[in-house]
Amino acid sequence: MSAFFFVVLAVLIITGALVTVIASNAVHAALGLVATLVALAMTYVTLDAHFLGAVQVIVYAGAIMVLFLFVIMLLDATRPVTAHNPVGFVNELAALGGAALAGALGLIALGWRDPRPLAEGAAALRNGTPGAVGETLLTRFVLPFEAVSVLLLVAVVGSIVLVKRPVSQPSAVPEAQPIESGERAGA
Amino acid sequence: MLLIAGGIGVLAVVVSMILGPKKPSRTKLMAYESGNDPLPGGKERFPVHFYLVAMLFIVFDIETAFFYPIAVAFGKLGVFAFWETVTFVALLLVGYVYIVRKGVLEWD
Amino acid sequence: MTPELRPPDIALAPMLPILIVLAGALVATVAFRTQRRVVAVIAIVALLLSGFSMLTLWGANATAFGGSLRADNPALGFGLVVIVGAVVTLLASMDQLPRVRMNFPEFDAMLLYAVTGMLLIAFAGDLIVLLIGLEIMSLAGYVMATLYGSRRSEESGMKYFLLGSVGSAILIYGIALTFGATGSLSLAGIREAVSAQNFANTPLLIAGALMMLAGFGFKVALVPFHQWTPDVYHGAPTVVTLFLSTVVKVAAFAGLLRVFGGAFPVERAWEGVAEVLVALTLIVGNTAALVQRNFKRLLAYSAVAHTGFLGLALLAEPARGGAALVFYLLAYTLMTAGALAVLALIQPDEGGVENADLRGLYYRQPGLALALAACLASLAGLPPFAGFFGKYLVFQAAFQAGHVGITVLAAMTSVVALVYYLRPAALMFMPAEGSAAAVRPAVRVGTFTGVALGVCVVGIVLLGVLPGLVYNVFDAPAQWVLASLAAK
């Protein structure tokens, strides 16, 4: 049964990914991405990682996709792009590279042996309850956990700095040499 | 069970699609905008402010996602986890102070 | 409520250098209405304190968080080079930022956040910590590249962001594959798994290692992944270019050495690929720099070319290459920072100067011209300066590890480098009559910039005359072996 679910979800994930890449309409591409992300969340659930599945839906399928659609709306990016593509050969190259990578990973997967017994990992997950995640997060991974708060802080401060450009303070030092302002943008 | 449940859902949609009468008219095909005639286009420029708020929402959303497992495991973790979490919040609080003092949340 | 789980070993001492810088960053964030000069001085003090705390940790091999954070000598070495570069950047920024209307404390905040991330990379004993440090550094870097309000700076930030995120994505993919192959995220654990007798997942490990190499390649500008470099370094404000081209590269190389020298000691299948990339970097970087007419762009391509020379140290045995790498990074940081600091002073706008405009600089600004000439000579690898010994050490390390062909190639390309570095250097000493450059007004060198230039020039001369001062400290092969990490 789990194999059946896996095949169904895998088909969904790949179809969504293909739609994302191929669709010329940005909204369709975004919806394809939603399909991929939701199917991925369901895959996590079938692997007993329930909390991870829930977070995947909340953060990716929820918040981040909203941001995607938001940008598409704001930039009015729903119209297909018709302008000349200066690097047209990239599509073919990327397809070749992707196929080579997929083939290589497929071959590698055939010879793969789990470095740690999977049963052990499944037992540690305890059905994917948030408690198991929380315990690992605050023991083994407490340093990354704190580092992530710095990362989020940089994201907050950085995005504000970019959007609300700080005003340059007047300087007490006499200007050594005037700057030609011809290159500066209006804003 | 799941198949039956899913099958009924699919069946309902497919059957009504095949059997239902279709009389499209201009009014029916109009985008639904609470009964008003839809406003043309969506091409005016939006303030970048919207984007910033969405961005900040995501950051704090991720923060919440971190708290959930900690709350569940808290009984096993003890005081140490409390202080770690306080550190985490305190760092983001600095970001919040910056947001507020910079006036990002003031809508003008 | 009795806690059933024991917290990991939290030792404050090995974290202290990072915490001090982070505290400085927080102060700079909150104090955005304070005078920028005050904040910059606070930032410099924080960096110096952090550097001092690293010196006190020297030789202690301190670890924390079950080996996720390790302040061993290599980490401290890279950390100290980062601190030197960041302090020079701040000193140069003191007089420069008011000129380009970027005189706000957010600059210092972003810089200190970036340094926090870099120290995390250098101190990482764990791929997750390394990744998060890299992301912190990169995010702050993207913002810094965009800070100047010009179209070109915005383009620069955008390109940096897009290609940088592609690099991060590939790196994460590589980390995931490596984890899948070894079942461990800590560098010591990976090393142990790879060295085990019955290790079965070699193909997957190689795939992961190559992806990590590509991901880091984006950050250090190895050649097929270098396309963003000239545009970003040219478009960003010069002080930011100084920061990005020196300190960011130091941190990325620290990560590279940690992963490839530390975690994959036995499995060296990545080496062949890395050799090809380094060879391409040497050829493309040096030949492209040869045809540049803008001095700032020339320095951007020179940064690519030096990635090739630094890559040689990576190919060598970690025990020998590590010391050479730290020495070269320190020399590279000082000489590039010096050249860019002079450029920041003499350029009319943030687009840099044309090479031809350097003509006669010596007769207008003898001090600046001599400082720039010293930096260029060092970049070219001429004997009395640090660049010479850096090149000598990495060539020797690569040669002894059996990479003869590529060492010869590197020696040949450094002859090419001689041409493009010495051309502008010679132009400065030619009389300027009749050229437009003669009318450009002389600039006053501020105190802080003077100190920054002094540090750079004295540093490269000192390192060139007495290389043993720094090199001997790191030249103990045992300390470069990651083994001493009781893996938990």
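Cut-offs and rules
- Residues numbered from 1 in each chain as written.
- Chains lettered and ligands numbered in written order.
- Predicted model: local features only at pLDDT ≥ 70, side-chain atom pairs only at ≥ 80, totals over all residues.
- Helix = DSSP H or I, 4+ residues; strand = E, 2+ residues; numbered from the N terminus.
- Buried ≥ 20, exposed ≤ 12 C-beta atoms within 10 Å, placed from the backbone.
- Contact = placed C-beta atoms within 7 Å.
- Core = buried A, V, L, I, M, F, W, Y, C linked by C-beta atoms within 7 Å.
- Domains from an automatic or database assignment.
- Axes fitted to C-alpha atoms, helices over the stretch in contact; angles between N-to-C directions.
- Left-handed = near helix turned anticlockwise from the far one by under 90°.
- Nonpolar A, V, L, I, M, F, W, Y, C, P; charged D, E, K, R; others polar.
- Parallel < 35°, antiparallel > 145°, perpendicular 65-115°, else oblique.
- Expected span 1.5 Å × (residues − 1).
- Bend = angle between axes of the 7 residues up to and from the residue.
- pLDDT = per-residue confidence, 0-100.

Participant: So what exactly am I meant to see when it comes to the overall build of chain A here?
Facilitator: Helices and strands together make up the secondary structure of chain A, namely seven helices and zero strands. In chain A, buried positions account for 23% of the 187 residues. Taking all contacts inside chain A whose residues are at least 6 apart in sequence as the whole, residues at least 24 apart take part in 51%.

Participant: Can you help me understand the nonpolar core in this one?
Facilitator: Across soluble globular proteins, nonpolar side chains show a tendency to be buried alongside one another. With 233 residues, the main nonpolar core has Val 82 and Tyr 328 of chain C as its most contacted residues. Among the elements that line this core, the one with the most residues is helix H13 (residues 318–346) of chain C, at 21 residues. Per-domain counts for this core show at least three residues from each of domain 1 (1–79) and domain 2 (129–164) of chain A. When near neighbours in sequence (up to four residues on either side) are disregarded, Tyr 328 of chain C contacts Phe 309, Leu 310, Ala 313, Gly 390, Leu 393 and Val 394 of chain C. Grouped together as the second largest cluster of nonpolar side chains are six residues, Leu 33, Leu 37, Val 38 and Leu 40 of chain A included.

Participant: What is the right way to look at the packing of helix H6 (residues 151–182) of chain C against helix H9 (residues 228–235) of chain C in this model?
Facilitator: Between two packed helices, what matters for the description is the angle formed by their axes and the separation of those axes. Residue and element names in this part refer to chain C. One can describe the packing of H6 onto H9 by two numbers: an axis separation of 8 Å at closest approach and a directional angle of 145 degrees. For the crossing formed where H6 meets H9, the hand is left-handed. Each of Arg 152, Ser 153, Glu 155, Ser 156, Lys 159, Tyr 160 and Leu 163 in H6 lies in contact with H9, whose residues at this interface are Trp 228, Asp 231, Val 232 and Gly 235. Of the residues assigned to the contact of H6 with H9, the class counts are four nonpolar, three polar and four charged.

Participant: Would you explain the domain arrangement of chain A in this entry?
Facilitator: Put simply, an interface is often sized by how much accessible area is lost when its parts join up. Under the domain assignment, chain A is made up of domain 1 (1–79) and domain 2 (129–164). Placing the centre of domain 1 of chain A and that of domain 2 of chain A at their C-alpha centroids yields a distance of 23 Å.

Participant: Which parts of the structure should I look at to understand the interface of chain A and chain C?
Facilitator: Every contact between the two is made by 41 residues of chain A and, on the other side, 56 residues of chain C. Sorting the residues of the side of chain A that touches chain C by element identifies helix H4 (90–110) and helix H7 (142–163) of chain A as the ones contributing at least two each. In terms of residue count, the dominant contributor to the side of chain A that touches chain C is H7 of chain A (13 residues). Counted by class, the side of chain A that touches chain C contains 25 nonpolar, seven polar and nine charged residues.

Participant: What should I look at first to understand helix H7 (residues 187–195) of chain C in this one?
Facilitator: Because an α-helix packs 3.6 residues into every turn, residues spaced three or four apart end up facing the same way. Here H7 of chain C has its buried residues at Leu 187, Ala 188, Gly 189, Ile 190, Arg 191 and Val 194 of chain C. Next to the buried residues of H7 of chain C lie H6, helix H8 (202–220) and helix H10 (238–263) of chain C.

Participant: Can you help me understand the environment of Asn 85 of chain A in this one?
Facilitator: Residue and element names in this part refer to chain A. Structurally, Asn 85 is set in the loop between helix H3 (50–74) and H4. Its 10 C-beta neighbours within 10 Å are what place Asn 85 among the exposed residues. In this structure the C-alpha to C-alpha distance between Asn 85 and Ile 22, which are 63 residues apart in sequence, comes to 15 Å.

Participant: Can you walk me through the packing of helix H4 (residues 79–102) of chain B against helix H1 (residues 12–30) of chain C in this structure?
Facilitator: Between H4 of chain B and H1 of chain C, the shortest axis-to-axis distance is 9 Å and the interhelical angle comes to 20 degrees. Between H4 of chain B and H1 of chain C, the interaxial angle falls into the category roughly parallel. Here H4 of chain B and H1 of chain C pass one another in a crossing that is left-handed. Contacts between H4 of chain B and H1 of chain C involve Val 94, Val 97 and Tyr 98 of chain B on the former and, on the latter, Leu 26, Thr 29 and Val 30 of chain C. Split by residue class, the contact of H4 of chain B with H1 of chain C holds five nonpolar, one polar and no charged.

Participant: How should I be thinking about helix H17 (residues 404–428) of chain C in this particular structure?
Facilitator: Residue and element names in this part refer to chain C. Its 25 residues place the ends of H17 37 Å apart at the C-alpha level, agreeing with the 36 Å of an ideal helix rising 1.5 Å per residue. A bend of about 30 degrees at Leu 422 is the largest found in H17, and the proline Pro 424 appears one to four places after it. For H17, the complete set of buried residues consists of Ile 406, Thr 407, Ala 410, Thr 413, Ser 414, Ala 417, Tyr 420, Tyr 421, Pro 424, Ala 425, Leu 427 and Met 428.

Participant: Which parts of the structure should I look at to understand the environment of Ser 53 of chain C?
Facilitator: Along the chain, the position of Ser 53 of chain C falls in helix H2 (residues 36–56). Ignoring anything within four residues of it in the chain, the contact list for Ser 53 of chain C reads Leu 16, Pro 17 and Ile 20 of chain C.

Participant: Just to check I follow, could you spell out the confidence of the model for chain A for this structure?
Facilitator: Regions with low pLDDT should not have their predicted coordinates read in detail. Residue and element names in this part refer to chain A. Residues with a pLDDT of 70 or more make up 88% of chain A, whose mean pLDDT is 82. Confidence scores differ between elements of chain A, with helix H5 (residues 118–125) showing the lowest mean pLDDT of 77 and H7 the highest of 92. Considering only residues more than four positions removed or in separate chains, one finds that residues 175–187, a stretch of pLDDT under 50, has 22 contacts.

Participant: How should the confidence of the model for chain B be read in this particular structure?
Facilitator: Residues and elements named next belong to chain B. Taken over all residues, the pLDDT of chain B has a mean of 82, while the share at 70 or more is 88%. Looking over chain B, one finds the lowest element-wise mean pLDDT in helix H2 (residues 26–29), namely 74, and the highest in H4, namely 90. In the model output, the complex is listed with pTM 0.90 alongside ipTM 0.91.

Participant: Hey, could you run me through unusual backbone geometry in this one?
Facilitator: For residues other than glycine, phi is negative in most cases, and the peptide bonds are mostly trans. If you check the backbone angles, Asp 48 of chain A has positive phi at about 70 degrees while not being a glycine. Inspection of the secondary structure puts Asp 48 of chain A in the loop between helix H2 (26–46) and H3. Positive phi, normally seen in glycine, also occurs at Ala 221 of chain C, with a value near 70 degrees. Checked against the element boundaries, Ala 221 of chain C lands in the loop between H8 and H9.

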